Amino acid sequence: QVQLAESGGDSVQAGGSLRLACTVSRLSFRLYAMGWFRQAPGKEREGISCIGSNGLETYYTDSVKGRFTTSRDNAKNTLYLEMNMLKPEDTAMYYCAAGTTSDCSGPWSGKEKYNYWGKGTQVTVSS
């Protein structure tokens, strides 16, 4: 059974930084694009980034461009999200997801592109 486990969520003040990790097991991690999503209370789940299987292709939603960076270590089956200059509006549950293809085509931010999901890690940013 494929498992995705997020970690690194925390409560921080605005302007702070966090690094999320997503460890994947029982999946050929290196073959698939990976995405990060987030969901704030009362809102739809939002795609915030995608990284292709070889790590060379990345996409970000406009609200996090320049502040968030996604990366992956295929040797460790781990996906990362480096978050800087955090804002209160970044407060949400953050989820990683494994894509159905090696690239981020699709559209990359659509939930239908991903077939495995983690349970999420909470990020809270206070002003």
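For the structure, see preceding data.
To keep things clear, this report deals only with the structure shown in the data block. (Residues numbered from 1 in each chain as written. Predicted model: local features only at pLDDT ≥ 70, side-chain atom pairs only at ≥ 80, totals over all residues. Heavy atoms only, no water.)

## So, the pattern of salt bridges
Moving on, step 1. The full count for this structure, using the stated rule, is five salt bridges.
Moving on, step 2. Between Lys65 and Asp62 there is a salt bridge, with the nearest N and O atoms lying 3.1 Å from each other.
Moving on, step 3. Salt bridges sharing partners connect three or more residues here, namely Arg38, Glu46, Arg67 and Asp90. (Salt bridge = Lys/Arg side-chain N within 4 Å of Asp/Glu carboxyl O.)

## A closer look at the environment of Gly99
Moving on, step 1. Relative to the elements of secondary structure, Gly99 occurs in strand S9 (residues 92–99).
Moving on, step 2. Judged by its relative accessible area of 3%, Gly99 falls in the buried class.
Moving on, step 3. Separated by 18 residues in sequence, Gly99 and Trp117 place their C-alpha atoms 9.4 Å apart.
Moving on, step 4. In contact with Gly99, not counting residues within four places along its chain, are Tyr32, Ala33, Lys113, Tyr114 and Asn115. (Helix = DSSP H or I, 4+ residues; strand = E, 2+ residues; numbered from the N terminus. Buried < 20%, exposed > 50% of the residue type's maximum accessible area, 1.4 Å probe, protein only. Contact = heavy atoms within 4.5 Å.)

## Some thoughts on the packing of aromatic side chains
Moving on, step 1. According to the stated counting rule, one finds four aromatic pairs in the structure shown.
Moving on, step 2. With a centroid separation of 5.2 Å and an interplanar angle of 85°, the aromatic rings of Phe37 and Tyr114 are classed as edge-to-face. Pair noted here: Phe37 is in strand S4 (residues 34–39) and Tyr114 is in strand S10 (residues 114–117), with a separation of 77 residues, a long-range link.
Moving on, step 3. Taking 6.4 Å as the distance between ring centres and 20° as the angle between the ring planes, the aromatic pair formed by Tyr59 and Trp108 counts as stacked. In this pair, Tyr59 sits in strand S6 (residues 58–60) while Trp108 sits in the loop between S9 and S10, placing the two residues 49 residues apart along the sequence. (Phe/Tyr/Trp six-rings, centres within 6.5 Å; stacked < 30°, edge-to-face > 60°.)

The values are spatial; any link to function lies outside them.
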